[in-house]
Amino acid sequence: MKVFMFHNKSNFAALSDQFRTSANWRKGQAKRFAQDGRNADAAQRLLKLESQIVIQDEVWQHLQPLVSGPACLAAISETNRDVGFRTRPADFAAWLENLHSNLTRN
């Protein structure tokens with residue numbers, strides 16, 4: 001099993017694959033549960049968030065110690081699953097706040 005760890009900002013900023021994977025999963029859920037429009041909306045929102053990936057240096061300084069561990073990929077997945085259901089981040093900065101919350105919750 002490959003473990004992802006993000007040791008530098010440019011590596012972390014390349015997490016767009018995670019957004020696309022989550023959006024594709026939501027699209028599949030939208031077909032499966034056609035009566036629930038939240039999945040299709042979440043898929044669109046994830047792609048919009050992916051297009052906004054920018055991490056300021058001061059934000060990275062606080063985030064880097066948290067995303068260098070093996071729990072990061074699970075937290076990213078959880079944060080993406082929340083989009084459109086438990087959270088509605090207005091932009092990538094808000095998504096990062098949700099990720100930070102998921103990483104520090106315990």
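Counting starts from 1 at the beginning of each chain's written sequence and moves along it residue by residue. Restriction of local features to residues with pLDDT of at least 70 applies here, the model being predicted, together with a cutoff of 80 or more for giving and counting side-chain atom pairs; totals for whole chains, interfaces and linings are based on all residues. The basis for the side-chain values is all heavy atoms of the structure; hydrogens and waters are excluded.

### Here we look at the confidence of the model for the protein
When the pLDDT values of the protein are averaged, the result is 88; 88% of them are 70 or greater. pLDDT is a per-residue confidence score from the predictor, ranging from 0 to 100. Think of it this way: any DSSP run of H or I at least four residues long counts as a helix, any run of E at least two long counts as a strand, and we number them from the N terminus. For the protein, the element scoring lowest by mean pLDDT is helix H1 (residues 9–13), at 70; helix H3 (residues 38–50) scores highest, at 97.

### Side note on the nonpolar core
Membership of the largest hydrophobic core comes to 21 residues, with the highest contact counts inside it found for Phe12, Phe19, Trp95, Leu96 and Leu99. Elements represented by at least two residues in this core include exactly helix H2 (16–32), H3, helix H4 (57–67), helix H5 (72–82) and helix H6 (92–104). Among the elements that line this core, the one with the most residues is H6, at five residues. The contact definition used throughout considers only heavy atoms, calling two residues in contact when any of these lie within 4.5 Å. Residue contacts for Leu99: discarding those within four places in its chain leaves Phe12, Ala75, Ile76 and Thr79. In plain words, nonpolar cores are sets of buried Ala, Val, Leu, Ile, Met, Phe, Trp, Tyr and Cys residues tied together by side-chain atoms within 4.5 Å. A simple rule labels every residue: compare its accessible area, found with a 1.4 Å probe on the protein chains alone, to the largest value its type can have, and call it buried under 20%, exposed over 50%, or partly exposed in between.

### A word on the pattern of salt bridges
Where charged atoms from two side chains of opposite charge approach closely, those side chains can pair. Any carboxyl oxygen of Asp or Glu that lies within 4 Å of a side-chain nitrogen of Lys or Arg is treated as forming a salt bridge with it. Tallied over the entire structure, the rule returns five salt bridges. The salt bridge involving Glu78 is made with Arg105; its shortest N-O contact spans 2.3 Å. Taken together, the positions of Glu78 in helix H5 and Arg105 in the segment after H6 put the pair 27 residues apart, joining distant regions of the chain. On the basis of relative accessible area, Arg105 is assigned to the partly exposed category, the value being 48%.

### Some thoughts on the packing of H2 against H5
The angle between two axes is taken between their N-to-C directions and runs from 0 to 180 degrees, where each axis is a line fitted to C-alpha atoms and a helix contributes only its stretch in contact. Between H2 and H5, the least distance of the axes is 10 Å, while the angle of their chain directions is 45 degrees. In terms of their interaxial angle, H2 and H5 are classed as oblique. The crossing of H2 and H5 is right-handed. Of the residues in H5, those in contact with Gln18, Phe19, Ser22 and Arg26 of H2 are Leu73, Ile76, Asn80 and Arg81. Amino acids are sorted into nonpolar (Ala, Val, Leu, Ile, Met, Phe, Trp, Tyr, Cys and Pro), charged (Asp, Glu, Lys and Arg) and polar (every other residue, Gly among them). Residues that form the contact of H2 with H5 fall into these classes: three nonpolar, three polar and two charged. An angle counts as roughly parallel when it lies under 35 degrees, as roughly antiparallel when it exceeds 145, as roughly perpendicular when it falls between 65 and 115, and as oblique in every other case. Whether a crossing is left-handed or right-handed is set by the direction in which the near helix is turned from the far one by less than a right angle, anticlockwise for left-handed and clockwise for right-handed.

### Section: the packing of aromatic side chains
In this scheme Phe, Tyr and Trp rings, the latter by its six-membered ring, pair at centre separations within 6.5 Å, and the angle between planes marks the pair as stacked below 30 degrees, edge-to-face above 60, and tilted otherwise. Enumeration over the complete set of coordinates arrives at three aromatic pairs. On the basis of an interplanar angle of 50 degrees and a centroid distance of 4.8 Å, the ring pair of Phe19 and Trp95 is categorised as tilted. With Phe19 in helix H2 and Trp95 in helix H6, this pair connects stretches of sequence that are 76 residues apart. In this structure, Phe19 and Trp95 share a single accessibility class: buried. Between Phe92 and Trp95, the aromatic rings sit 5.5 Å apart at their centres with planes inclined by 15 degrees, giving stacked as the arrangement. Taken together, the positions of Phe92 and Trp95, both in helix H6 and three residues apart, correspond to about one turn of that helix.

### Quick word on the side chain of Asp82
Here Asp82 is to be found in helix H5. Asp82 gets classed as buried once you look at its relative accessible area, which sits at 7%. Discounting chain neighbours no more than four positions away, the residues touching Asp82 are Thr87 and Asn102.

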